[in-house]
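As a plain string of letters, each chain reads:
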Amino acid sequence: MASKTLIIGACGQIGSELTRTLRSTEGVENIIASDIKKSNMTLVESGPFEILDAKDLEAIHSCVKRHNIGTVYLMAAILSATGEKYPKKAWDLNMTTLFNILNLAKEKVIKRVFWPSSIAVFGPTTPKDNTPQSTIMEPTTVYGITKQVGERWCEYYSEHYGVDVRSLRYPGIISWRTKPGGGTTDYAVEIFHKALEEGHYECFLSEDTELPMMFMDDAIKATLSLMNAEKESLSIKSSYNLAAISFTPKQIAKAIQQEIPDFVIKYAPDYRQHIADSWPNSIDDSVARIDWQWEHDFNLKALSIEMLQKLKKTELT
Ligand SMILES: NC(=O)c1ccc[n+]([C@@H]2O[C@H](COP(=O)([O-])OP(=O)(O)OC[C@H]3O[C@@H](n4cnc5c(N)ncnc54)[C@H](O)[C@@H]3O)[C@@H](O)[C@H]2O)c1
């Protein structure tokens, strides 16, 4: 019997889209969604769903056995902005959950793992433009620290125990179906909602803060391409740099004004400015482009049009 796939943190921004896409390609019954709470009822009702605490190794083990799971996507985490409010909680959750899954793979209970890293692994001493795959990494957020340490452990488990774990350093992910969950790039989603609902937006980052970003469809495409790639073609055992576009709040506001000319943006930077200032402006993802032929589809204009059209339609239905 072919093994199934378990998505942990499936109600979240990326997990929900990943579940939806995998269910449409692999069959609804083959994708088991799980989360600590039922925070997305559309997702919960779209196929098999389990309440699962990713910190509870016994519970995951039993779920894996019950459903004959071969592949796990570990999407549960505390993100950058929330992590700064609850550093100990972020460290505990982000590290315990990763070890749980890596150890199940080490014991050969599961065969393949996806674990997302982030551009938050970089810090103020990292070269800011076209940040290379291998470079100085001195993250200053607890979230970035968990991701950097996580990458080291993924490589360690791969080298020492032959674990097939694959990872991407996601940039800020922009989506219309699900709202983001407490990251520093969340403004790039909120801005579309506010543009349509109120015609104006107060941005928590300054106008010239350039950050690497990506439309959700590209993030899902990258994730599945990496997971479907031949193991032999993957030269990076920690986490791949991944990029699509980079822009500032001023530039995204301009792209929105092309569609909604009266849209007004104001700037009121808060504690998240400090986090954003420590991250790169743009990422060199040439290793991903060579190893598994990564190519993005959405630029800023295409993404803005798609976001506004889809959100308008959602509000009308
Ligand atoms: N969204 C982004 O822009 C972005 C960028 C870089 C990296 N990432 C990474 O991608 C992954 C998914 O991010 P996201 O934006 O979908 O996050 P999210 O906050 O939207 O979703 C995380 C999900 O995990 C669940 N969860 C929390 N604690 C749990 C536990 N103990 N057991 C089971 N589930 C639990 C939450 O209920 C939530 O549904 C994370 O590892 C994140 O660090 C995201």
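Up top you'll find the structure we're talking about.
Description of the structure in this document.

## Some remarks on the overall build of the protein
Now for step 1: Helix and strand content of the protein: twelve helices and 14 strands.
Now for step 2: Rg of the C-alpha trace for the protein: 19 Å, near the compact-globule value of 20 Å for 317 residues, within the 12% margin.
Now for step 3: With the C-alpha coordinates of the protein rotated into their principal frame, the extents come out at 55 × 45 × 40 Å.
Now for step 4: Counting every position in the protein, which comprises 317 residues, the buried fraction comes to 55%.
Now for step 5: If you take every contact in the protein between residues at least 6 apart in sequence, the share linking residues at least 24 apart comes to 78%.
Now for step 6: By element, 51% of the accessible surface of the protein is carried by carbon and sulfur atoms, the whole surface being about 13,900 Å².
Now for step 7: In the protein, the 35 positive side-chain charges and the 41 negative ones have mean positions that sit 4 Å from each other.

## Topic: the packing of aromatic side chains
Now for step 1: Evaluated as defined, the whole model comprises eleven aromatic pairs.
Now for step 2: Ring centres 5.0 Å apart and planes at 75° place the aromatic pair Y157 and Y161 in the edge-to-face group. Highlighted residues: Y157 and Y161, both in helix α6 (residues 142–161), separated by four residues, approximately one helical turn.
Now for step 3: Aromatic pair Y187 and F204: ring centres 6.3 Å apart, planes at 90°, arrangement edge-to-face. One end of the pair, Y187, is in helix α7 (residues 187–197); the other, F204, is in the loop between β10 (200–203) and β11 (211–215), with 17 residues separating them in the sequence. Each member of the pair, Y187 as well as F204, carries the same accessibility label: buried.
Now for step 4: One aromatic cluster in this structure is built from F99, W153, Y156, Y157 and Y161.
Now for step 5: Just above the ring of Y161 sits the side chain of K106; from NZ or CZ to the centre is 4.3 Å.

## What about the packing of helix α3 (residues 57–67) against helix α5 (residues 87–106)?
Geometry of a packed helix pair, given as the angle between the helix axes and the separation of the axes.
Now for step 1: Between α3 and α5, the shortest axis-to-axis distance is 10 Å and the interhelical angle comes to 45°. One finds that α3 runs oblique with respect to α5. Remark: the crossing between α3 and α5 carries right-handed chirality. Residue-level inspection shows L57, I60 and H61 of α3 in contact with α5, the latter providing N100, I101 and L104.
Now for step 2: When its residues are assigned to classes, the contact of α3 with α5 shows four nonpolar, two polar and no charged.

## Quick look at the site of the ligand
Now for step 1: The immediate surroundings of the ligand are formed by 27 residues, with Q13, I14, D35, A54 and Y143 found nearest.
Now for step 2: At a separation of 3.5 Å, a nitrogen atom of the ligand approaches a polar backbone atom of L52.
Now for step 3: Between a nitrogen atom of the ligand and a side-chain N or O atom of D53, the distance comes to 2.9 Å.
Now for step 4: Contact with the protein chains hides 91% of the accessible area of the ligand, taken as 830 Å² for the molecule alone.
Now for step 5: Sorting the residues of the shell around the ligand by element identifies α1 (13–26), β6 (117–118), α6 and β9 (172–174) as the ones contributing at least two each.
Now for step 6: Per element, the largest residue contribution to the shell around the ligand is three residues, and it comes from α1.

## Description of the side chain of S117
Now for step 1: Considering the arrangement of structural elements, one finds S117 in strand β6.
Now for step 2: In terms of polar contacts, S117 uses its side chain to reach the side chain of E151, at 2.7 Å.
Now for step 3: Contacts of S117, omitting those with residues within four sequence positions, involve K147, E151, S167, L168, R169, Y170 and S239.

## Let's talk about unusual backbone geometry
Now for step 1: Although it is not a glycine, N68 adopts a positive phi angle of roughly 55°.
Now for step 2: Among the structural elements, N68 can be located in the loop between α3 and β4 (69–74).
Now for step 3: Backbone geometry at K108 places phi at a positive 65°, although glycine is not the residue there.

## A word on the pattern of salt bridges
Once their charged atoms are close, side chains differing in charge can pair, the charge on each being opposite to the other.
Now for step 1: Taken as a whole, this structure holds 13 salt bridges when the rule is applied.
Now for step 2: E50 is the partner of R66 in a salt bridge, and the nearest nitrogen-oxygen pair spans 2.6 Å. In this pair, R66 is assigned in helix α3 and E50 in strand β3 (residues 49–51), connecting sequence segments 16 residues apart.
Now for step 3: With a relative accessible area of 17%, E50 lands in the buried category.
Now for step 4: With its nearest N and O atoms 3.1 Å apart, the salt bridge here joins K221 to D297. Of the two residues, K221 is situated in helix α8 (residues 216–228) and D297 in the loop between α11 (286–291) and α12 (300–316); the sequence distance between them amounts to 76 residues.
Now for step 5: According to the relative accessible area criterion, K221 is partly exposed, its value standing at 31%.
Now for step 6: Here the residues in one salt-bridge network are E17, R20 and R177, joined through shared partners.

Calculation notes
Within every chain, residues take consecutive numbers counted from 1 along the sequence as written. In keeping with the model being predicted, local features are shown solely for residues with a pLDDT of at least 70 and side-chain atom pairs are shown and tallied solely at 80 or more, while totals for entire chains, interfaces and linings include all residues. The side-chain figures draw on all heavy atoms in the structure; neither hydrogens nor water molecules are used. Secondary structure counts use DSSP, requiring at least four H or I residues in a row for a helix and at least two E residues in a row for a strand, with both numbered from the N terminus. Radius of gyration here uses only the C-alpha atoms, and the compact-globule reference equals 2.2 Å multiplied by the residue count raised to the power 0.38. Here's how the labels work: a residue is buried when its accessible area is under 20% of the maximum for its type, exposed when over 50%, partly exposed in between, all with a 1.4 Å probe on protein chains only. By definition, residues are in contact when any of their heavy atoms lie within 4.5 Å. Calculation of accessible area relied on Shrake-Rupley with a 1.4 Å probe; when residues are assessed, cover is drawn exclusively from the protein chains displayed. By the counting rule applied here, Lys and Arg register as positive and Asp and Glu as negative, while His and the ends of each chain are not counted. Where a charge lies is defined by one atom per residue type, namely NZ (Lys), CZ (Arg), CG (Asp) and CD (Glu). Any two rings among Phe, Tyr and Trp, with Trp reduced to its six-membered ring, count as a pair given centres within 6.5 Å; such a pair is stacked if its planes are under 30 degrees apart, edge-to-face if over 60, and tilted if neither. Any Lys NZ or Arg CZ that is within 6 Å of a ring centre and within 35 degrees of that ring's normal is treated as a charge sitting over the ring. Where helices are involved, their axes are fitted lines through C-alpha atoms of the stretch in contact, as for all axes, and angles between N-to-C directions lie from 0 to 180°. Angles are sorted into four bins: roughly parallel if under 35 degrees, roughly antiparallel if over 145, roughly perpendicular if 65 to 115, and oblique for all others. By convention the crossing between two helices is left-handed if the near helix lies anticlockwise of the far one by an angle smaller than a right angle, and right-handed if it lies clockwise. In the scheme used here, Gly and all other residues not listed as nonpolar or charged are polar, with Ala, Val, Leu, Ile, Met, Phe, Trp, Tyr, Cys and Pro taken as nonpolar and Asp, Glu, Lys and Arg as charged. Note on terminology: near, applied to a residue and a molecule or strand, indicates that one of the residue's heavy atoms is within 4 Å of it. Definition of a polar contact: a pair of N or O atoms within 3.5 Å, with one able to donate and the other able to accept a hydrogen when the atoms are protein atoms, and with sequence-neighbouring residues admitted only if both atoms are side-chain atoms. We define a salt bridge as a side-chain nitrogen of Lys or Arg found within 4 Å of a carboxyl oxygen belonging to Asp or Glu.

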